Amino acid sequence: MENKSIIIIGAGIAGLSAGCYGQMNNYQTHIFEMHNMPGGLCTSWKRQGYTIDGCLAWLVGSTPGSDFYRIWEELGAIQGRRIIDHEEYMRFENAHGKTFIIYTNIDRLEQHMLELAPEDKEVIKEFTKGVRDCTRIEMPIEKAPEVYGPIDGIKLLFKMFPFMPVLKKWSKISIQDFAARFKNPLLREAFPLIWLPEFPILSLLMTLAWMHKKTAGYPLGGSLEFSRSIERRYLNMGGEVHYNSRVIKILVENNRAVGIRLEDGSEHRADYIVSAADGHATIFDLLDDKYTNEKIRGYYDNLPIFSPLIHIALGVNRSFEEMPHSVAGLSFPLDEPITIAGKEWRRLGVHIYNFDPTLAKVGKTVVKVMFPSDYTYWKSLREDLDRYKAEKEQIADQVVALLDRRFPGLAAQVEMHDIATPVTFHRYTGNWQGTFEGWMITPDTWNLRMSKTLLGLDNFYMVGQWVEPGGGLPPAAFSGRNLTQILCKRDKRPFVTTVPQN
Ligand SMILES: Cc1cc2nc3c(=O)[nH]c(=O)nc-3n(C[C@H](O)[C@H](O)[C@H](O)COP(=O)(O)OP(=O)(O)OC[C@H]3O[C@@H](n4cnc5c(N)ncnc54)[C@H](O)[C@@H]3O)c2cc1C
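Small disclaimer: the values here were computed from a predicted structure and weren't measured.

> Account for the sheet that holds strand E20 (residues 460-462), naming residues and giving values.
Read from one edge to the other, the open sheet built from 5 strands follows the order E10-E2-E1-E14-E20, with strand pairing classed as parallel. Edge strands, defined here as strands with exactly one partner in the open sheet, are strand E10 (240-242) and E20. Strand-to-strand twist of the sheet, defined as the mean angle between neighbouring strand axes without regard to direction, takes the value 20°. Looking at chain direction, strand E2 (residues 28-32) and E10 are connected through 3 bridges and run parallel.

> Which residues make up the pattern of salt bridges, and what values go with them?
Here the structure, examined in full by the defined rule, presents 31 salt bridges. A salt bridge links lysine 364 to glutamate 415, with the shortest nitrogen-to-oxygen separation between them at 3.0 Å. Linking lysine 364 in the loop between strand E17 (343-352) and strand E18 (365-372) with glutamate 415 in strand E19 (residues 414-420), this pair joins segments that are 51 residues apart in sequence. When its relative accessible area of 34% is taken as the criterion, glutamate 415 is described as partly exposed. Overlapping salt bridges, with partners in common, bring together Arg70, Glu74, Glu142 and Arg481 in one network.

> If you had to explain the nonpolar core to someone new, which residues and values would you point to?
In terms of nonpolar packing, the biggest core is built from 104 residues, with Trp72, Phe100, Phe127, Phe191 and Ile201 touching the most fellow members. At 9 residues, helix H9 (residues 201-212) tops the list of elements feeding residues into this core. Excluding residues within four positions of it along the chain, isoleucine 201 makes contact with Phe127, Trp170, Ile173, Ser174, Ile175, Phe178 and Phe191. By size, the runner-up hydrophobic cluster in this structure holds 33 residues, among which are Leu330, Ala341, Tyr388 and Ile395.

> Could you give an account of the domain arrangement of the chain, with specific residues and numbers?
Along its sequence, the chain is carved into domain 1 (5-42 + 221-304 + 440-490), domain 2 (105-213) and domain 3 (309-432). Centre-to-centre separation of domain 1 and domain 3, based on C-alpha positions: 31 Å. Residue-level contacts link 11 residues of domain 1 with 10 residues of domain 3. Between domain 1 and domain 3, roughly 880 Å² of surface is buried when both sides are summed, and carbon and sulfur atoms account for 62% of that area. Taken together, the connections running from domain 1 to domain 3 amount to 0 salt bridges. Where domain 1 touches domain 3, the interface holds 4 residue pairs in polar contact (both at pLDDT 80 or more). Residue composition of the side of domain 1 that touches domain 3, by class: 4 nonpolar, 6 polar and 1 charged.

> Describe the sheet that holds strand E9 (residues 216-219), and please don't skip the residues or the numbers.
Consider a sheet: its strands pair through backbone hydrogen bonds, and that pairing is either parallel or antiparallel. One open sheet holds the 3 strands; their spatial order is E5-E9-E6, and the pairing between them is antiparallel. Here the strands that pair on one side only, and so sit at the sheet edges, are strand E5 (59-60) and strand E6 (83-84). Both E6 and E9 contribute to a ladder of 2 bridges, which runs antiparallel. Within E9, the position partnered with isoleucine 84 by the bridge is tyrosine 218.

> Please set out the side chain of glutamate 231 residue by residue, giving values where relevant.
Following the sequence through the fold, glutamate 231 ends up in helix H10 (residues 223-236). Given a relative accessible area of 9%, glutamate 231 falls into the buried group. Filtering out sequence-adjacent residues up to four positions away, glutamate 231 remains in contact with Leu16, Pro38 and Tyr243.

> Now, about the state of the cysteines: what can you tell me, with residues and values included?
Where two cysteines share a covalent bond between their sulfur atoms, that bond is called a disulfide. Per the counting criterion, the structure on display carries 0 disulfides. Among the cysteines around cysteine 42, which has no disulfide bond, cysteine 55 carries the closest sulfur, lying 4.3 Å off. We classify cysteine 55 as partly exposed; its relative accessible area is 30%.

> I'd like to hear about the site of the ligand, residue by residue, with values.
Close to the ligand lie 34 residues; Glu33, Leu41, Ala57, Asn431 and Gln465 are nearest. In the environment of the ligand, a nitrogen atom lies 3.1 Å from a nitrogen or oxygen atom belonging to the backbone of methionine 34. A distance of 3.0 Å is found between a nitrogen atom of the ligand and a backbone nitrogen or oxygen belonging to valine 247. Across the complex, the protein chains shield 94% of the 1000 Å² of accessible surface that the ligand would expose by itself. Only helix H1 (13-24), helix H16 (422-429) and helix H17 (473-490) provide two or more residues apiece to the shell around the ligand. A breakdown of the residues in the shell around the ligand according to their chemical character gives 20 nonpolar, 11 polar and 3 charged. Two domains each provide a minimum of three residues to the shell around the ligand, namely domain 1 (5-42 + 221-304 + 440-490) and domain 3 (309-432).

> Residue-level account of H1, with values.
The terminal C-alpha atoms of H1 lie 16 Å apart, and with 12 residues this matches the ideal 16 Å at 1.5 Å per residue to within 8%. When H1 is considered as a whole, its buried residues turn out to be Ile13, Ala14, Gly15, Leu16, Ser17, Ala18, Gly19, Cys20, Tyr21, Gly22, Gln23 and Met24. In the core, the buried residues of H1 are packed alongside strand E1 (5-9), E2, helix H2 (67-74), H10 and H17. Of the residues trailing H1, asparagine 26 is marked for its positive phi of about 65°.

> Give a detailed account of the pairing of strand E8 (residues 99-103), specifying residues and quantitative values.
Counting buried positions over the 5 residues of E8 gives 4, a clear majority of the element. Judged from the 5 bridges that link them, strand E7 (residues 88-93) and E8 form a sheet pairing that is antiparallel. Following the sheet pairing, glutamate 88 is matched in E8 by tyrosine 103. Two successive antiparallel strands, E7 and E8, enclose a turn made up of 5 residues, where glycine 97 displays a positive phi of approximately 80°.

> Break down the environment of aspartate 288 for me, citing the residues and quoting the values.
Along the polypeptide, aspartate 288 turns up in the loop between helix H11 (279-286) and helix H12 (294-302). Each C-alpha atom, one on aspartate 288 and one on lysine 249, is 8.3 Å from the other, the two residues being 39 residues apart in sequence. Non-local contacts of aspartate 288, meaning those with residues more than four positions away in its chain, are made with Lys249 and Ile283.

> How would you summarise the side chain of glutamate 110 if you had to cite specific residues and measurements?
Examined against the element boundaries, glutamate 110 turns out to sit in helix H3 (residues 106-116). Within the structure, the side chain of glutamate 110 is placed 2.7 Å from the side chain of threonine 128, a separation counted as a polar contact. In this structure glutamate 110 touches Ile124, Lys125, Thr128 and Arg132, once residues within four positions along its chain are discounted.

Thresholds applied
Residues numbered from 1 in each chain as written. Predicted model: local features only at pLDDT ≥ 70, side-chain atom pairs only at ≥ 80, totals over all residues. Heavy atoms only, no water. Pairing = 2+ DSSP bridges. Helix = DSSP H or I, 4+ residues; strand = E, 2+ residues; numbered from the N terminus. Axes fitted to C-alpha atoms, helices over the stretch in contact; angles between N-to-C directions. Salt bridge = Lys/Arg side-chain N within 4 Å of Asp/Glu carboxyl O. Buried < 20%, exposed > 50% of the residue type's maximum accessible area, 1.4 Å probe, protein only. Core = buried A, V, L, I, M, F, W, Y, C linked by side-chain atoms within 4.5 Å. Contact = heavy atoms within 4.5 Å. Domains from an automatic or database assignment. Buried area = accessible area lost by both parts, 1.4 Å probe. Polar contact = N/O pair within 3.5 Å; in protein donor to acceptor, adjacent residues only side chain to side chain. Nonpolar A, V, L, I, M, F, W, Y, C, P; charged D, E, K, R; others polar. Disulfide = S-S within 2.5 Å. Near = heavy atom within 4 Å. Areas by Shrake-Rupley, 256 points an atom, 1.4 Å probe, with all protein chains shown as cover. Expected span 1.5 Å × (residues − 1).

So this is what it looks like as structure tokens:
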């Protein structure tokens, strides 16, 4: 029997993963990517001798022993890669000269928090117990839920049963609601800003648990290098990527997806069509809104997405050796509030890439500041390119001046600046509203599962962050893996995986 073919739209991590697992299972796969390189959001770019990393702060599954690690091995992404596990997640300074250090080792974090806020002993102990409880949780990702049989369901229940009280308790509380329990002003102020305030605190506990176990490290070399290693794995298995190939239509005949049309007018056909591209564009543009039902429309009308970002990177002729290596850097208060893109800010968060020597020459460092911002603000501003550019320059100047106050002498050491706005993210990756991670999870949506298919359309599937709420690299990777399990089941063939050697 001839091997079936798959067309995949998008060479982000989800598309590359779908391609890799398709090749492992003897499908003939072709990826069509609008950009000239792989990675999608998982990317880096060079400016004046500096490499700006646009993604990876931590990679869940970075060390052997977890199911996630196995997936990165199958994708050839982790072999031979040096991983850095930072001792600090971030530092939070307040206006009274006090510093809260979020250590990644939970015992050290607990001790530090108790020293800072003995009056909050009970809440601190409850929090650190939550992290310790989460260190025992292993997400069941080996088998796609869509191919579960009754026995799998029972096995899952047994595996997850001991953790149900932990998951239930912590998924219902947002970070900001938990923060309100602290009496200590520093902890009360810091907690909502460690991550997004509306996130369920479970996601913070899980992340700190992974970091404590040293399985959410930073892969040295950064994001594009990481994506390229998966691209290499894909090409080595005979997969084909077509770059500079924007898909403008998914071809449908008798409610069956049969192919795609590219911007240049060419049409390409396959047995299955998989979109690993933006969900909104796929459903409403590439498929002309013909397979949207109330449920799906409801997602796009009502669910929150991760706020788009203004992403400011500076190349600084300075080593920052006095600063600790950390996942999310430093947050410090401003003497006076500033307004950035119409929004007021009272503090600045800065990521200092002093831990990755591959990103800048010796003695030089990339530093990054990001602000959540509104897509429509930037979209309308960009209609006047001069004003758009001027606003970007003004923001860069503001940020440099603020950093100069915290790090005296910095302004004179800045050799490069690069500003990406929500519109930049949209232009380069197609992501709706320029979001950086798709659907945001909240205590109301943390358990939301989305279908990879659209009702009434056969031979069509979606993978990636628009069908895996919460987004991130591991979900993008297992989304492509799960899809291949679904196809193998449909085609009555066993699902196989392989691990390449170095
Ligand atoms: C600043 C930042 C920091 C992050 N930090 C982390 C982190 O530390 N850890 C983590 O796990 N995750 C992190 N993420 C999130 C992570 O990068 C994403 O969730 C993940 O990469 C999404 O992968 P994807 O394949 O689903 O989508 P995408 O990366 O968006 O890939 C979609 C691909 O489809 C292509 N495409 C779109 N439309 C078309 C079309 N019409 N025709 C052809 N091609 C098309 C795009 O060009 C793109 O290559 C971060 C993201 C950002 C921006």
